[in-house]
Amino acid sequence: MEFKERFAQRAVKMRSDYQELKNVHSEVDLGNYNIGQVLGGMRGMIGLLYDTSALDPEEGIRFRGYSIPELRAKLPKVPGGTEPMPEGIFYLMLMDELPTYEDADMVTKAWRKDSEVPQHVFTMLDSLPLNTHPMAQFSMAILAMQSDSIFAKKYNEGASKASLWEYMFEDVMILIGRLPRIAAYIYRRTYKNNEHIAPKNDLDWAGNFAHMLGYEQDEFKKLMRLYLTIHVDHEGGNVSAHTTRLVGSALSDAYLSFSAAMNGLAGPLHGLANQEVIRWIFDLQKEIGKSLPTKEEIEKYIRKTLAEGRVVPGYGHAVLRKTDPRFTAQHEFAMKYMPNDEIVQIVSMLYEVVPGILNETGKVKNPWPNVDAHSGALLVHYGLVEYDFYTVLFGVSRALGVLSSLIIDRYLGLPLERPKSVTTKFLLEKVGALQKQG
Ligand code: HAX
């Protein structure tokens, strides 16, 4: 393609300028930050107000001040249950107050109220080829419901800025209530012969989701409650949270904002890493021709992955500098319910081997496992082996974090997001001027 070749020739200079700035001048101060931060994905720049969760590189995640172990102990559980209800963490993020069981149950009922998915969404999904990635189906289904947006309707009718949060609140509750049905529909049309399971209205949100997916074991329902609680969010700068905030700041409604966020979650450096981890482990088993590799075989496989210029999925983080507490929560679940599972054993062996090898590269800032390193092993154990679907589960949970925050954004009337960008020429001139000075 002539045009593409012309671009490739022209772009060589753009890349060499970029690399010079990044490698030689990254420490050049531009005010409160340096060139390295401008070129490096804005790491460490404080630029967002985000109250529902916070991330400390060493200490981990806190939701309104509570760590994950604290939340596992303190959030309400279904009667006789052992894991927190996702309804509870939604309440906490929105209200900045620990809920009682009655509060969580109120959320369950509110989400159930308008949870019937319009028929046109199913018709649209049914028209898609079966090989459409489940995340693409999920994003399209969310967007297809935009016709129901109360926020968009009220805005068109001239609603005041101060009243917009109310319609955002209503849209968010309806959207979250419908997500499990949509996700389960995608799962069953894609992998289970298009045979669907009707919702059960006496179950909690996560329990009903497990039921509609076709997994009735009590343990799987427990797993879903834990899974959908711990994946909700971790501060505002991650791709899916930031996308929701950014798109919403243009006063786009919850459907437009959340669908956009799901397109970001579907990237392999973000949420899609959960499917990549299991695919990578299955490939390892295939390559060595047995289900349980030795540590030496694992080590060789990791080195091969790195030599091929690929990342080790499930390891590393843009902010955290320690083992992800969400990994630890899932590991504790695994040790309680399936300590002898072979994939769980592989995950444990990887935990022993990967960090040392990533440290040897000398460039990976965090060699420890993230949330995605463990989730697939738990799902495979219960028979949910269709790993292309895993990021949809993540997305259903992520809705709770990013959409509770979106309600708050509109309540506060946060402005349109519009960071300043600069050109390479601007940066090179800055460097040149500084060099002249001395
Ligand atoms: N395997 C191999 N190389 C890795 C690595 C890994 N797991 N993690 C980081 N690196 C590399 C980076 O690619 C980068 O290399 P280059 O300089 O050659 O580009 C270098 O180490 C420095 O990266 P970093 O500063 O440590 O990490 P970043 O903030 O740039 O990236 C990522 C963070 C999570 C994207 C990264 O660690 C990664 O790619 N991990 C594997 C994919 C993954 O598990 N993603 C899920 C993250 C959690 C999440 O969002 N879940 O939804």
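Because the structure is predicted, anything quoted here is derived from the model rather than measured. Residue numbers run consecutively from 1 along every chain, following the written order of its sequence. Local features in this predicted model are restricted to residues of pLDDT 70 or higher, and side-chain atom pairs are both shown and tallied only at a pLDDT of 80 or more, whereas totals for entire chains, interfaces and linings draw on every residue. Processing note: side-chain calculations cover all non-hydrogen atoms of the structure and skip hydrogens and water entirely.

Digging into the side chain of Asn274
By definition, any uninterrupted DSSP run of H or I lasting at least four residues is a helix, any uninterrupted run of E lasting at least two residues is a strand, and each is numbered from the N terminus. With respect to the element layout, Asn274 can be found in helix α14 (residues 273-288). Counting of polar contacts relies on pairs of N or O atoms within 3.5 Å, with two restrictions inside protein: one atom must be capable of donating a hydrogen and the other of accepting it, and residues adjacent in sequence are counted only when both atoms are side-chain atoms. Here Tyr227 takes part through its side chain, which lies 3.4 Å from a polar atom of the side chain of Asn274. Within the structure, the side chain of Asn274 is placed 2.9 Å from the side chain of Thr391, a separation counted as a polar contact. Should any heavy atoms of two residues lie within 4.5 Å, those residues are considered in contact. When near neighbours in sequence (up to four residues on either side) are disregarded, Asn274 contacts Tyr227, Asp372, Ser375, Tyr390, Thr391 and Phe394.

Notes on the pairing of strand β1 (residues 53-56)
Only one face of β1 is buried, namely the one carrying Ser53 and Leu55, since none of Ala54 and Asp56 on the opposite face is buried. Should DSSP find at least two bridges between two strands, the strands are regarded as paired. Sheet analysis places β1 next to strand β2 (residues 60-63), joined by 4 bridges and oriented antiparallel. The residue bridging Ala54 from the neighbouring strand is Arg62, located in β2. Connecting the antiparallel pair β1 and β2 is a turn made up of 3 residues. Relative accessibility under 20% of the residue-type maximum defines a buried residue, over 50% an exposed one, and the middle range a partly exposed one, all with a 1.4 Å probe and only protein chains included.

Things to note about the site of the ligand
Nearness here has a simple test: a residue counts as near a molecule or strand if at least one of its heavy atoms is within 4 Å of that partner. In the vicinity of the ligand, 21 residues are found, and the nearest of them are Gly314, Tyr315, Lys363, Lys365 and Asp372. Contact between the ligand and Gly271: an oxygen atom at 3.4 Å from a main-chain N or O atom of the residue. Here an oxygen atom of the ligand and a backbone polar atom of Lys365 are 2.8 Å apart. Any residue outside Ala, Val, Leu, Ile, Met, Phe, Trp, Tyr, Cys, Pro, Asp, Glu, Lys and Arg is labelled polar, Gly included; the first ten of those are nonpolar and the last four are charged. Its residues assigned to classes, the shell around the ligand shows 11 nonpolar, 6 polar and 4 charged.

Looking at the pairing of β2
Where β2 meets strand β3 (residues 66-67), 2 bridges bridge the pair, whose relative direction is antiparallel. Residue Phe63 lies in a different strand from β3, and its bridge partner there is Tyr66. Between the end of β2 and the start of β3, which pair antiparallel, lie 2 residues, with Arg64 showing a positive phi angle near 50°.

Comments concerning the packing of aromatic side chains
Only the six-membered ring of Trp is used, alongside the rings of Phe and Tyr, when aromatic pairs are assigned; centres must lie within 6.5 Å, and planes under 30 degrees apart are stacked while those over 60 apart are edge-to-face, with the rest tilted. Tallied over the full model, the rule gives 15 aromatic pairs. Considering the side-chain rings of Tyr187 and Tyr215, the 6.2 Å spacing of their centres and the 45° angle between planes classify their relative orientation as tilted. Of this pair, Tyr187 sits in helix α9 (residues 164-191) while Tyr215 sits in the loop between α10 (205-213) and α11 (218-230), and the two are 28 residues apart along the sequence. Connected via pairs of aromatic rings, a cluster forms that spans Tyr187, Tyr191, Tyr215, Phe220, Tyr382 and Phe389.

Focus: the nonpolar core
Side-chain atoms within 4.5 Å link the members of a nonpolar core, which is a set of buried Ala, Val, Leu, Ile, Met, Phe, Trp, Tyr and Cys residues. Membership of the largest hydrophobic core comes to 112 residues, with the highest contact counts inside it found for Phe138, Phe220, Phe258 and Leu403. Ranked by the residues each element gives to this core, the list is headed by α9, at 15 residues. Among residues more than four places away in sequence, those in contact with Phe220 are Ala210, Leu213, Tyr215, Leu379, Tyr382 and Leu384. Counting 6 residues, the second-largest nonpolar core is a separate cluster that includes Val28, Leu39, Leu427 and Val431.

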